[in-house]
Amino acid sequence: MYTCANCTVLACANNEPEKMPKNCPMRNASVMEAARAGYDLPENHDFYVNCSAIEGLGYCQWPRLKETVEFCKRMGYHKLGLAFCKGLRKEARIVADLLRAQGFEVVSVICKTGGISKEEVGIPEEVKIHPGEFEAMCNPIAQAKLLNEKHTDFNIEVGLCVGHDSMFYKYSDAMVTTLVAKDRVLAHNPCGAIYCAEGYFKKRLE
């Protein structure tokens, strides 16, 4: 079992292979060799080099939104997809306007597209936000398929629910980056709970 999250050696980052723990994933030579070869594939090479370049160019200077814009420019993308949550429609509008101002064509699709009731897909009444009322289900598969239909070069995900984001990634033909990870309690900053996991949020996370 690999336990990198608990490693204190960091032989990988420090170029010290002789200090590898016994369960270090770097000991799995076949996987490492196959992964290394993957970066040379035509469909991966420029993408990986450019996103790594953005990491260096904007390190500790650019917010993620700026990194996203600069990456899309380096890749020569023209048409961008924006899959967003209804609760972040104001933020999505700002992002779409900013991207258009930077010369991109933007195709945006809201999570509630289709207007399908939650009951129709088997979501129990008792787990609805407002039981007894109409609630449109989130529709990440449709979001992905609609963007696929428009042949977007790259898709940006803004605040889709946990799991709904996973389904969007699964069905998207284009590569996807997450601009906003939804966390309604912490103003969409999930790390807040992590930083406070041994203090203010300890009981909430149990």
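Because the structure is a prediction, the values reported are computed rather than measured.

Cut-offs applied
Counting from 1, residues in each chain are numbered in the order their sequence is written. Local features are withheld for residues below a pLDDT of 70 in this predicted model, meaning they are given only at 70 or higher, and side-chain atom pairs are given and counted only at 80 or more; totals for whole chains, interfaces and linings count all residues. Side-chain numbers come from the whole structure's heavy atoms, not from hydrogens or water. Elements are defined by DSSP. Helices are runs of H or I of four residues or more, strands are runs of E of two residues or more, and each kind is numbered from the N terminus. Exposed residues in this analysis have more than 50% of their type's maximum accessible area, buried residues have under 20%, and partly exposed residues fall in between, with area computed by a 1.4 Å probe over protein chains only. Note that accessible areas follow from Shrake-Rupley with a 1.4 Å probe, and for residues the cover is restricted to the protein chains shown. For this count, His and the chain ends are skipped, Lys and Arg are scored as positive, and Asp and Glu as negative. Think of each charge as sitting on NZ of Lys, CZ of Arg, CG of Asp or CD of Glu. By this rule the span expected of a helix is its residue count minus one, scaled by 1.5 Å. This arc corresponds to the set of directions leading from the helix axis out to the C-beta atoms. Any two residues having at least one pair of non-hydrogen atoms within 4.5 Å are treated as being in contact. Residues form patches when they are more than 30% accessible in relative terms and have no salt bridge. Like charges link within 9 Å. Nonpolar side chains (Val, Leu, Ile, Met, Phe, Trp, Tyr) link within 5 Å. Each salt bridge in this description consists of a side-chain nitrogen of Lys or Arg and a carboxyl oxygen of Asp or Glu lying within 4 Å of one another. A pair of strands counts as paired when DSSP detects no fewer than two bridges linking them. What counts as an axis is a line fitted to C-alpha atoms, over the stretch in contact for a helix, and the angles between N-to-C directions run from 0 to 180 degrees.

A. Molecular detail of the overall build of the chain. If you tally the helices and strands in the chain, you get 7 helices and 4 strands. For the chain, the succession of helices and strands along the chain, N to C, is α-α-α-β-α-β-α-β-α-β-α. If you line up the chain on its principal axes, its C-alpha atoms span 60 × 45 × 35 Å. In the chain, which comprises 206 residues, the proportion classed as buried is 33%. Carbon and sulfur atoms provide 56% of the accessible area of the chain, an area that totals close to 13600 Å². Taken together, the 25 basic and 26 acidic charged side chains of the chain have centroids lying 4 Å from each other.

B. Spotlight on helix α2 (residues 42-57). For α2, built from 16 residues, the straight-helix expectation of 22 Å at 1.5 Å per residue is met to within 8% by its first-to-last C-alpha distance of 23 Å. Residues of α2 that are buried include every one of Phe 47, Asn 50 and Ile 54, and no others. In a view along the axis of α2, the buried residues occupy a sector of 70°, so they form one face of it. Within α2, the exposed residues directed more than 90 degrees away from the buried face are Pro 42 and Gly 56. Here the buried face of α2 lies against α3 (64-75) and β3 (154-158).

C. Structural context of a positive patch on the surface. Together, Lys 86, Arg 89, Lys 90 and Arg 93 make up a positively charged patch on the protein surface. With respect to the secondary-structure elements, Lys 90 resides in helix α4 (residues 89-101). Looking at Lys 90, the relative accessible area reads 58%, which means it is exposed.

D. Looking closely at the sheet that holds strand β4 (residues 176-180). Taken in spatial order, the 4 strands of this open sheet run β2-β1-β3-β4, and their pairing is parallel. At either end of the open sheet lies a strand with only one pairing partner, and these are β2 (105-110) and β4. Recorded for the sheet is a direction-independent mean angle of 25° between the axes of neighbouring strands. With 6 bridges joining them, strand β1 (residues 79-84) and β2 adopt parallel strand pairing. Counted as the bridge partner of Lys 79 is Glu 105 from β2. The strands touched by α3 are β1, β3 and β4; relative to β4, the strand with the most contacts, the crossing angle is about 155°.

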